[in-house]
Amino acid sequence: MELKITNLSKTYPNGVQALRNVDLTIPTGMFGLLGPNGAGKSTLMRTIATLQEADSGSIILDGMDVLNQKNDVRKQLGYLPQEFGVYPKISAEMMLDHFAELKGIINKKERKELVKALLEQTNLYHVRKKNLSSYSGGMKQRFGIAQALIGNPKLIIVDEPTAGLDPAERNRFHNLLSEIGENIIVILSTHIVDDVSDLCKNMAIINEGQLLLQGEPSEVIKNVEGKIWEKVIEKHELKEHQEKYNIISSRLYTGKIIIHAYSEVNPDSFNLVSPSLEDVYFSSIKKVKQTTNV
Ligand code: ADP
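Described below are features of the structure shown in this document. (Residues numbered from 1 in each chain as written. Predicted model: local features only at pLDDT ≥ 70, side-chain atom pairs only at ≥ 80, totals over all residues. Heavy atoms only, no water.)

Attention now goes to the site of the ligand. In the vicinity of the ligand, the residues found are Tyr12, Asn14, Val16, Ala18, Pro36, Asn37, Gly38, Ala39, Gly40, Lys41, Ser42 and Thr43. One of the backbone nitrogen or oxygen atoms of alanine 39 is found 3.0 Å away from an oxygen atom of the ligand. Between the ligand and lysine 41, the relevant distance is 2.9 Å, taken from an oxygen atom to a side-chain nitrogen or oxygen of the residue. At three residues, the largest contribution of residues to the shell around the ligand is made by helix α1 (residues 41–48). Looking at the shell around the ligand residue by residue, the classes come out as five nonpolar, six polar and one charged. (Near = heavy atom within 4 Å. Polar contact = N/O pair within 3.5 Å; in protein donor to acceptor, adjacent residues only side chain to side chain. Helix = DSSP H or I, 4+ residues; strand = E, 2+ residues; numbered from the N terminus. Nonpolar A, V, L, I, M, F, W, Y, C, P; charged D, E, K, R; others polar.)

Structure follows, in structure tokens:
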């Protein structure tokens, strides 16, 4: 099974080109769509989820034309949006039962069994009677997954899922996603590089509406091997280094600054480091900035 996106473009009425000729093939398993805020991730996710129109291009899911067979696609789709809206004063159990009914499961007994199974799978069974409005961030996200799983979808879209979760909640959420991602397509849209490196078999980077690269995390990391250089500098030296070298990232470390540069050769008293996905991410985004600045 795969999701094939071809030549997808979208310009909003205000002139913002949110997607520019995006070509992307997403196989079964966990897929990470990585990009900074404003990159076009939500626009792409909402278009795949049949919630908004594209200007041109096509999206095919397992032979189905997503842009034209919206109702068929919706039956195969689970969507966990960035903002789930207001969480009402109603229990998770009742809310899931209601969603299941809306999704066409009319047999009460069948619905009851399904809701129980979903609550167990998402580790919410013990709090099933509590109001959703009292749930923590992590519990809300797991509830979001439970509702997305109703109807055995082939594709689940999760938009910016771990923002605001504490490390333990994030871990629990990751485990849940990777269990789900074994047999269906799960697209995880995020600006958090670690979410992708921890979880995803395949990935893509998007920025300013353009797809910059796609592949397996280990493969894309291999492509920058021998090109990522590190140096520890004083804070006041940062500006000068940024002007002189192709600095892709800088972070504070015990009062000093660790900088990474992208270069085919040693820029000048830097040390070669083995690259991480973060280096891939920052170097691809930097390259686009440079070409658009020219
Ligand atoms: P991301 O999810 O990666 O943060 P979005 O898809 O939300 O990116 O946004 C991509 C670009 O499109 C941004 O510049 C954003 O401001 C713009 N945008 C998003 N939604 C709308 C809209 N409804 N109308 C106009 N511009 C929009």
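Alright, that's what it looks like, and here's the rest.
This paragraph deals with the sheet that holds strand β8 (residues 185–190). Reading across from one edge, β6-β7-β8-β3-β9-β10 is the order of the six strands in this open sheet, with mixed pairing throughout. Both edges of this open sheet fall to β6 (77–80) and β10 (210–215), since each of them pairs with a single strand only. Between one strand axis and the next, the sheet turns by 15° as a mean value, whatever way the strands run. When strand β3 (residues 29–34) meets strand β9 (residues 202–207), the two strands line up parallel, connected through four bridges. Note that in β9 the partner of leucine 34 across the bridge is isoleucine 205. (Pairing = 2+ DSSP bridges. Axes fitted to C-alpha atoms, helices over the stretch in contact; angles between N-to-C directions.)

Among the six residues that make up β9, six are buried, leaving the element largely enclosed by the rest of the structure. A two-sided burial pattern is seen for β9, the buried positions comprising Asn202, Ala204 and Ile206 on one face and Met203, Ile205 and Asn207 on the other. Here five bridges tie β9 to β10, and the two strands are oriented antiparallel to one another. Within the sheet, the bridge partner assigned to alanine 204 lies in β10 and is glutamine 214. Here β9 hands over to β10 after two residues, with glutamate 208 in that stretch at a positive phi of 50°. (Buried < 20%, exposed > 50% of the residue type's maximum accessible area, 1.4 Å probe, protein only.)

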